[in-house]
Amino acid sequence: MRSYIIAGNWKMNKTVAESVALAEEIVAKTKGISKTEVVIAPTYLAAAKVADVVKGSNVKLAVQDIHWQDQGAYTGKVSIDMAKEIGVEYVIIGHSEQRQYFHETDETVNLKAKKVLSAGLKPIICIGETLDERNGGKLESVLTAQVKGAYKDISAEDALKTVIAYEPVWAIGTGVVATDDQAQEAQKYVRSLVAQLYGESVAEALRIQYGGSMNPTNASGLLAQKDIDGGLIGGAALKSDSFFSIISAAEEK
Ligand code: PEP
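Residues numbered from 1 in each chain as written. Predicted model: local features only at pLDDT ≥ 70, side-chain atom pairs only at ≥ 80, totals over all residues. Heavy atoms only, no water.

### With respect to the side chain of D227
What counts, and what does not: Counting from the N terminus, the helices are DSSP H or I runs at least four residues long and the strands are E runs at least two residues long. Contacts described as polar in this section are N or O atom pairs within 3.5 Å, which, within protein, must combine one atom able to donate a hydrogen with one able to accept it, while residues neighboring in sequence count only if both atoms come from side chains. By definition in these notes, contact holds between two residues if any of their heavy atoms fall within 4.5 Å.
Here D227 shows up in the loop between α11 (219-223) and β8 (230-233). Separated by 2.5 Å, the side chains of D227 and R191 make a polar contact. The residues touching D227, leaving out its near neighbours within four places in the chain, are R2, Q184, Q187, K188, R191 and I208.

In structure tokens form, the structure reads like this:
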């Protein structure tokens, strides 16, 4: 049985002080959560302070990206060892904003996934189609390329440590959420791709989140779908009340 994983992607929001305050609220609210894995991804700048807040709590720490090199002349980047040192457990990679604005490709997603796994951390691998791709009948071919690209040369044992976030680009930050059926259909297909690569038992165990305008109103319906094992949440993760409502929706399943 797969457990739910609800992750908040704070993107480029919240000062360090605001991040600490939000993390403190989430830690307090999630004290009674026992079945659902809760993850928050503040900015790099806030991550070390937030790490102190979540230590010993039900909340796990993520960062929003990582470089695949160990160190060196990569201005603006952060390495996996730096993240690991402060207690990061998950790393979001391949987010559509990274793909759209910062030249992320399936190749760099794969390099980052391998780096995260080699350090014993867990990648949350984001995939998803644009509206043009969906309308042009390319949903399956886009997801196939993204999944096959991300998992190139990754063993089944390592694949089991990963999480996939299916995030239709047209639903991210737009308020236009995929219907329960649209999300389920796409995620079922993603799971079938994992089965092609690694077999049924890995596909059944690997968790696939939905992301894209998930909020307290639509979370329960989405989370009830067979192939939806949680959410990657942007806007609704920036307030502890709405984030906790989504966590509660998962916990109650
Ligand atoms: C995201 O950033 O991954 C996301 C899903 O954002 P939002 O919930 O705001 O659509």
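### Description of the site of the ligand
Going by this rule: Residues are counted as near a molecule or strand when any one of their heavy atoms sits within 4 Å of it. Where accessible areas are quoted, they stem from the Shrake-Rupley method and a 1.4 Å probe; at the residue level, only the protein chains shown are allowed to cover. Classification convention: Asp, Glu, Lys, Arg as charged; Ala, Val, Leu, Ile, Met, Phe, Trp, Tyr, Cys, Pro as nonpolar; all other residues, Gly among them, as polar.
The local shell around the ligand holds 14 residues, among which K11, E167, G173, S213 and G234 are the closest. Contact between the ligand and N9: an oxygen atom at 3.4 Å from a side-chain N or O atom of the residue. When the free accessible area of the ligand is taken as 290 Å², the share hidden by the protein chains comes to 95%. Within the shell around the ligand, the residues separate by chemical class into four nonpolar, eight polar and two charged.

### Looking at the pattern of salt bridges
Selection rule: For this analysis, a salt bridge means a side-chain nitrogen from Lys or Arg found within 4 Å of a carboxyl oxygen belonging to Asp or Glu. Throughout, exposure labels follow a simple rule: accessible area from a 1.4 Å probe, protein chains only, divided by the maximum for the residue type, with under 20% read as buried, over 50% as exposed, and the rest as partly exposed.
Under the criterion given, the structure shown has 17 salt bridges. E89 is the partner of K122 in a salt bridge, and the nearest nitrogen-oxygen pair spans 2.8 Å. Residue K122 is located in strand β5 (residues 122-127), and its partner E89 is located in the loop between α3 (80-85) and β4 (90-93); the two are separated by 33 residues in the primary sequence. Judged by its relative accessible area of 23%, K122 is partly exposed. Look at E89 and you get partly exposed, because its relative accessible area is 24%.

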